[in-house]
Amino acid sequence: MAANILDLIGNTALVEIQCAQPKRGAVLAKAEFLNPGGSIKDRAALQIIKQAKERGEITDGCSVVEMTSGNMGAGLAVVCGVMGHPFIATMSSGNSPERATMLRGLGAQVVKVAQVNGSPGQVTGQDIAAAVDEAKHIAQTQGAFYVDQFNRVEGFDAHYSGIGAEIVADVPNIMGFAACVGTGATLCGAAMRLKEHNPDVVCVAVEPAGAEVLAGRPLVKPKHRIQGIGYGVIPPHWHAEMIDRYDAVTDEEALEMTARLGSQEGLYVGVSSGANVVAATRLAEELGGAVVTVLCDSGLKYSECDLAQ
Ligand SMILES: Cc1ncc(COP(=O)(O)O)c(C=O)c1O
């Protein structure tokens, strides 16, 4: 029996994606949507709050604030709720209303921030920057602990010791790993652990086509439809040395695979999961062995138009 829901964060199931049908190799995916907050972000949220409490930066009853596109917010709402800290989420109004509904259900206060140049379902780097400014303002004026996920290494640590170690234990013969990039914590943290296990594991950064800045290309499509990733900036804790390849996935490819995962695999997941499976399939075909990827979040946080092809 778990003492509380926080004990159920991580150790997610690994599932083979049959519908990907690579011509060679196999595509295996970590079912991160099974975390209590519905996404991979629960892992980073728990690590950041735990360590901040240990350092004394969060004292009893202290509020916590963060900019979120939904997933980090849900993870923090779960963690803060259980640990007894009020949580305030600032969120671009371009994110689907379902996200705010879930956060409120988990006890968070949600502050919506008007979009700068994006549109509903298409949140740009500038929209994110506006929501970050609001979070900083709340931290300063209300004395709340500012999570600042993009500038923290704890997320990286959570994935190194969490998802990376779990994959090594479950798939010792892993040949490749593919993951999309928000903060880069998932990809770089797991990649470091996987390469310690076997330096030949090929690690691939999955980017939205037209927003391939990690691959060194200009940002020509800031308004792509793969929410939660590909903000057109290189994250502060990006480890290019961990990355062997870059794969650009189009909106159409990601949405088509997301729909297929739902209808053929019983996996109702978000669009970044579809993008990951597209890239993992290509990598499995190339390597002819086991490739692992990540089903980042549940589809429940998305509006119907977010998922429409
Ligand atoms: C839907 C979704 N997929 C993937 C990611 C990428 O995670 P990371 O920040 O670890 O790079 C995020 C990050 O917010 C996300 O919201």
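Here is what the cut-offs are and how they apply
Residues numbered from 1 in each chain as written. Predicted model: local features only at pLDDT ≥ 70, side-chain atom pairs only at ≥ 80, totals over all residues. Heavy atoms only, no water. Domains from an automatic or database assignment. Buried area = accessible area lost by both parts, 1.4 Å probe. Salt bridge = Lys/Arg side-chain N within 4 Å of Asp/Glu carboxyl O. Polar contact = N/O pair within 3.5 Å; in protein donor to acceptor, adjacent residues only side chain to side chain. Nonpolar A, V, L, I, M, F, W, Y, C, P; charged D, E, K, R; others polar. Near = heavy atom within 4 Å. Areas by Shrake-Rupley, 256 points an atom, 1.4 Å probe, with all protein chains shown as cover. 1 Å grid on protein atoms, 1.4 Å probe; cavity = no way out; pocket = protein on both sides within 12 Å on 5 of 7 lines; lining within 4 Å. Points joined across faces, edges and corners; volume = space filled by probe spheres on them. Helix = DSSP H or I, 4+ residues; strand = E, 2+ residues; numbered from the N terminus.

Colleague: I keep staring at the domain arrangement of the chain and nothing clicks. Help me out?
Modeller: One widely used convention gives an interface's size as the accessible area the parts lose upon coming together. Its domain assignment divides the chain into domain 1 (5-35 + 161-307) and domain 2 (41-149). When each unit is reduced to the centre of its C-alpha atoms, the spacing between domain 1 and domain 2 is 23 Å. Across the interface of domain 1 and domain 2, roughly 2100 Å² is buried in total on both sides, 54% from carbon and sulfur atoms. Remark: the boundary between domain 1 and domain 2 carries 2 salt bridges. The shortest N-O distance in the salt bridge between Arg43 and Glu32 comes to 2.8 Å. On the surface where domain 1 and domain 2 come into contact, there are 11 residue pairs in polar contact (both at pLDDT 80 or more). Of the residues belonging to the side of domain 1 that touches domain 2, the class tally is 8 nonpolar, 10 polar and 8 charged.

Colleague: Would you take a moment to explain the site of the ligand for this structure?
Modeller: Taken together, 16 residues surround the ligand, and among them Lys41, Gly182, Thr183, Thr186 and Ser272 come closest. Between the ligand and Gly182, the relevant distance is 2.7 Å, taken from an oxygen atom to a main-chain nitrogen or oxygen of the residue. Ser272 has a polar side-chain atom sitting 2.8 Å from a nitrogen atom of the ligand. With the chains in place, 96% of the 380 Å² that the ligand exposes on its own is no longer accessible.

Colleague: Looking at this structure, I do not really get empty space enclosed by the protein. What am I missing?
Modeller: Here the idea is plain: a probe the size of a water molecule rolls over the atoms and shows the empty space left. With the rule as written, the count across this model stands at 4 cavities of 30 Å³ or more. Roughly 320 Å³ of volume is contained in the largest cavity. If you trace the largest cavity, you find 28 residues lining it, with Lys41, Asn71, Gly182, Gly228 and Ile229 closest to the centre. Elements with a minimum of two residues in the lining of the largest cavity: helix H2 (71-83), strand S7 (176-180) and helix H6 (185-197). Here the lining of the largest cavity gets 3 residues from one element, more than from any other, and that element is H6. The residue inventory of the lining of the largest cavity, partitioned by class, reads 14 nonpolar, 11 polar and 3 charged. For the lining of the largest cavity, the domains that each give at least three residues are domain 1 (5-35 + 161-307) and domain 2 (41-149).

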